[in-house]
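Survey of secondary and tertiary structure
Below, each chain spelled out in residue letters.
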Amino acid sequence: MTDPGLSAIMSERRQLINLAYRLLGSLADAEDVVQETYARWYAMTPADQQAIDNPAAWLTRVASRICLDQLRSARARRERYVGEWIPEPLPESTEWHTGQGGADPADRVTLDESVNMAFLVVLDSMTPAERVAFILHDVFRYPFAEVAEIVGRTPAACRQLASSARRRIDASQSPTPPSARRAELVREFKAAWEATDIQALVGILDPDITAVADGGGIVQAMLEPVHGTDQVARYFSKLTLVLHGRTILERTVNGQPGLVVQYEGVTETVFAFGFTGERISNIWAVRNPEKLHPWTS
């Protein structure tokens, strides 16, 4: 690019993808939002573009408003969704047990605590306005005056929205083991699952564990969450029957240790885990193939 103005505009793409993914929980939807945002920018005349003092702020406002509209309409779509809905999982290019760092998919999303699956699941329980206000202010550090312009509320109201969202996040958090121990727990889970060792599974699962699957009505998946150590352990021991010919790989999922089930090189299921103390407290299994496109390579 030789046009510095164009280069500056396009350099915001990564930031916009980061923002939109956290707001929507879907990389595909985030990319659509960013594409629409840029389409609106280039639909303006050069004179209108030059009249905008801060193009980056303009792009953020537009993308955030598009996300807010999508979040509001998503509630109706979720009512028609078959089974449980889980945010789209993000891969990392290297295996977590190697201890090496890796780039996110196409270097598009920064993996940190605000994109781990547990965090995204809590975000999904918020109202659209809460989610937007919280992400813009607490994660991306936008002042409430700017958040108010996007959400269409007063700065004071946005402050209350972010505070309410923050309480939800705080209430969901519990002490978690260090990263190395989390990797060990997932590895132990994998070994116990492959060996159909129910007692070993029970030993690493939290008593209040919840397992959730998302098939989207496209592939087979449990329609209701499974709760409790014994129930989850027995459920996974039965799943061993369908592992024939499949490979379970240790992979990073949204910046955390996870597992990927592949059949003949095709990713069928991505498992993300939550942790409490020294045990696994949540298992999220994404099976909907429409949510696994970033894992096809």
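By convention here, each chain's residues receive numbers from 1 onward along its written sequence. Totals for whole chains, interfaces and linings use every residue, but because this is a predicted model, local features are given only for residues with pLDDT of at least 70 and side-chain atom pairs only at 80 or more, for both listing and counting. Think of the side-chain values as coming from all heavy atoms in the structure, minus any hydrogens and water.

Put simply, the rule is: UniProt positions are given in the numbering used here, feature names are shortened, and annotations may be inferred rather than shown by experiment.
An unreviewed UniProt entry lists the chain under the name RNA polymerase sigma-70 factor (ECF subfamily), with Kribbella solani as the source organism. The heading Sequence similarities (unreviewed entry) in the UniProt record of the chain holds the text "Belongs to the sigma-70 factor family. ECF subfamily."

**Looking at the layout of surface pockets**
Let me state the cut-off plainly: Here the term cavity refers to a set of points on a 1 Å grid, laid over the protein atoms alone, in which a 1.4 Å probe fits but cannot get out; the term pocket refers to an open set having protein on both sides within 12 Å along at least five of seven lines, with lining residues being those that place an atom within 4 Å of a point. Grid points are joined across faces, edges and corners, and a volume is the space filled by probe spheres set on the points. A helix here means a DSSP run of H or I that spans at least four residues, while a strand means a run of E at least two residues long, and both kinds are numbered starting from the N terminus. Just so you know the grouping, Ala, Val, Leu, Ile, Met, Phe, Trp, Tyr, Cys and Pro go in nonpolar, Asp, Glu, Lys and Arg go in charged, and all remaining residues, Gly too, go in polar. Residue ranges assigned to the domains are those given by an automatic or database domain assignment.
In this structure, the largest pocket encloses a volume near 530 Å³. N116, A118, F119, Q173 and T176 are, among the 24 residues lining the largest pocket, the residues nearest its centre. When residues of the lining of the largest pocket are traced back to their parent elements, those giving at least two are α6 (117-124), α9 (155-172), β5 (266-276) and β6 (279-286). The class makeup of the residues in the lining of the largest pocket is 11 nonpolar, 11 polar and 2 charged. When residues of the lining of the largest pocket are assigned to domains, at least three fall in each of domain 1 (4-96 + 114-172) and domain 2 (179-291).

**Here we look at the packing of aromatic side chains**
Any pair of aromatic rings gets described here by the distance separating the centres and the angle formed by the planes. As a reminder of what qualifies: Each Phe, Tyr or Trp ring, with Trp reduced to its six-membered ring, pairs with another whose centre is within 6.5 Å; inter-plane angles below 30 degrees give stacked pairs, above 60 give edge-to-face pairs, and intermediate values give tilted ones. Each residue is assigned to one of three classes by its accessible area relative to the maximum for its type, calculated with a 1.4 Å probe on protein chains only: buried under 20%, partly exposed between the two thresholds, exposed over 50%. Any Lys NZ or Arg CZ found within 6 Å of a ring centre and within 35 degrees of that ring's normal is scored as a charge over the ring.
The full count for this structure, using the stated rule, is 9 aromatic pairs. A ring pair is formed by F189 and F273, whose centres lie 5.4 Å apart and whose planes are at 70 degrees; its orientation type is edge-to-face. Taken together, the positions of F189 in helix α10 (residues 179-194) and F273 in strand β5 put the pair 84 residues apart, joining distant regions of the chain. Residue F189 shares its accessibility class with F273, and that shared class is buried. Over the face of the ring belonging to Y263 we find R246, whose NZ or CZ atom lies 4.5 Å from the ring centre.

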